Amino acid sequence: DVVRAVPPIAAAYDQPFGNASAVPTYYCVSRARSDGIERMLGGDGGDELFGGNDRYAKQIQLARYGRMPRVSRKVLEMLLFGVPGAARIPLFRRARSYVAQAALPMPERYESYNLLQRLGPENVFSAGFLEVVDRDRPLAHLKTVYDDTQANTLINRMLALDIKFTLADNDLPKVTRTCDIAGVDVGFPLLHDSVVDFSATLPADFKLRGTRLRYFFKEALRDFLPEATIAKKKHGFGLPTGVWLRDDPRLHQLAGDALSDLRHRRIFLDGLLDQLMARRLQEHAGYYGTLVWVLMMLEMWFKAHPGVESTSGAAGV
């Protein structure tokens, strides 16, 4: 199913789109269409309006470090990073990880798990490609939106950032375009103007109460929805793409062929493309599988849009 869905999904977007959850979204709406359903409703926007993502609680916990006295932080950092062998002690290792993340300002801290940032642009992209792009612009764009947000609480600043990037640039294009492919109309009740305006009037601790997500939303519906629905954990449409790319011969071949063709566009280092399929995917499928998927979809998109070329020496810039 995934192998069959990848080419039409990659071709359907007017820019490269690498979110793997587009595949189950596509099959969900396709099954609905085959059952005669012509319009579906999506819950997109609820998390970004009412504080429903786990990362919000995590960032609140990390922000507590910045409120410690500066002297206390310095002493703690000396203990964690200055004592030889501390990294080998599990408790110290976890504390070091916490401090390393907490010390970053927002929104840089949001990007601390970004694989491209961790690998380093010079270890991912060709020198020719890096010469014609501004490698600092993505983070600068995040900072501009974050800093320009008219909010004085961390939760509301995060919500504003996610409305712009996670929702508008990712989730909504994913759903609307896959619905287009399947021939299904889609509506988003939680993004009705009245709901959006109402969410903006809620106090910050109505959205995130301590580490409790969607506090107001759940309390408001407690006498309407079953308790099992209120208490259940969130389940998204994420796929175990890394494991499937590693273990399924057809998907592995599809990705391998795509990455092989991608090298001719001179965007990525040949060594990186070779390592991803030959070694990295085997070592840590969950970690590197997302990058393999994104690069596969990028090449699929290029193939579906042959007119997108550049004279700068790096295709698609």
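My aim in this report is to walk through the structure given alongside it, one point at a time. Keep in mind it's a predicted model, so treat the numbers as computed, not measured.

**So, the environment of Leu262**
Argument step 1. With respect to the element layout, Leu262 can be found in helix H16 (residues 249–262).
Argument step 2. Leu262 sits in the buried class, given a relative accessible area of 0%.
Argument step 3. For the pair Leu262 and Met296, spaced 34 residues apart in sequence, the C-alpha separation works out to 8.2 Å.
Argument step 4. For Leu262, the contacting residues outside a window of four places in its chain are Phe268, Leu273, Leu295, Leu298, Glu299 and Phe302.

**Focus on the side chain of Glu48**
Argument step 1. Mapped onto the secondary structure, Glu48 falls in helix H3 (residues 46–50).
Argument step 2. Although Glu48 lies buried, it forms no salt bridge, and the closest oppositely charged side chain, Arg55, sits 4.9 Å away as judged by the N-O distance.

**Thoughts on the layout of surface pockets**
Argument step 1. The computed volume of the second largest pocket comes to approximately 180 Å³.
Argument step 2. The element best represented in the lining of the second largest pocket is helix H10 (residues 154–182), accounting for four residues.
Argument step 3. Among the residues forming the lining of the second largest pocket, the class breakdown is seven nonpolar, three polar and two charged.

**Overview of the packing of helix H4 (residues 54–66) against H10**
Argument step 1. Look at H4 against H10: their axes get within 11 Å of each other, and the N-to-C directions meet at 140°. Our classification of the angle between H4 and H10 gives oblique. Viewed along their axes, H4 and H10 form a crossing whose handedness is right-handed. Taken together, the residues of H10 that come into contact with H4 (itself represented by Arg55, Tyr56, Gln59, Ile60 and Ala63) are Leu154, Ile155, Met158, Leu159, Asp162 and Thr166.
Argument step 2. Partitioning the contact of H4 with H10 into residue classes produces seven nonpolar, two polar and two charged.

**Description of the pattern of salt bridges**
Side-chain pairs of opposite charge can arise where the charged atoms are in close proximity.
Argument step 1. Scanning all chains against the criterion turns up 20 salt bridges.
Argument step 2. For Asp180, the salt bridge goes to Arg177, with nearest N and O atoms at 3.7 Å. One end of the pair, Asp180, and the other, Arg177, are both in helix H10, three residues apart, so they sit about a helical turn from each other.
Argument step 3. We classify Arg177 as partly exposed; its relative accessible area is 26%.

What counts, and at which threshold
Residues numbered from 1 in each chain as written. Predicted model: local features only at pLDDT ≥ 70, side-chain atom pairs only at ≥ 80, totals over all residues. Heavy atoms only, no water. Helix = DSSP H or I, 4+ residues; strand = E, 2+ residues; numbered from the N terminus. Buried < 20%, exposed > 50% of the residue type's maximum accessible area, 1.4 Å probe, protein only. Contact = heavy atoms within 4.5 Å. Lys, Arg positive; Asp, Glu negative; His and termini not counted. Salt bridge = Lys/Arg side-chain N within 4 Å of Asp/Glu carboxyl O. 1 Å grid on protein atoms, 1.4 Å probe; cavity = no way out; pocket = protein on both sides within 12 Å on 5 of 7 lines; lining within 4 Å. Points joined across faces, edges and corners; volume = space filled by probe spheres on them. Nonpolar A, V, L, I, M, F, W, Y, C, P; charged D, E, K, R; others polar. Axes fitted to C-alpha atoms, helices over the stretch in contact; angles between N-to-C directions. Parallel < 35°, antiparallel > 145°, perpendicular 65-115°, else oblique. Left-handed = near helix turned anticlockwise from the far one by under 90°.

Remember, this is a structural readout, not a statement about activity or role.
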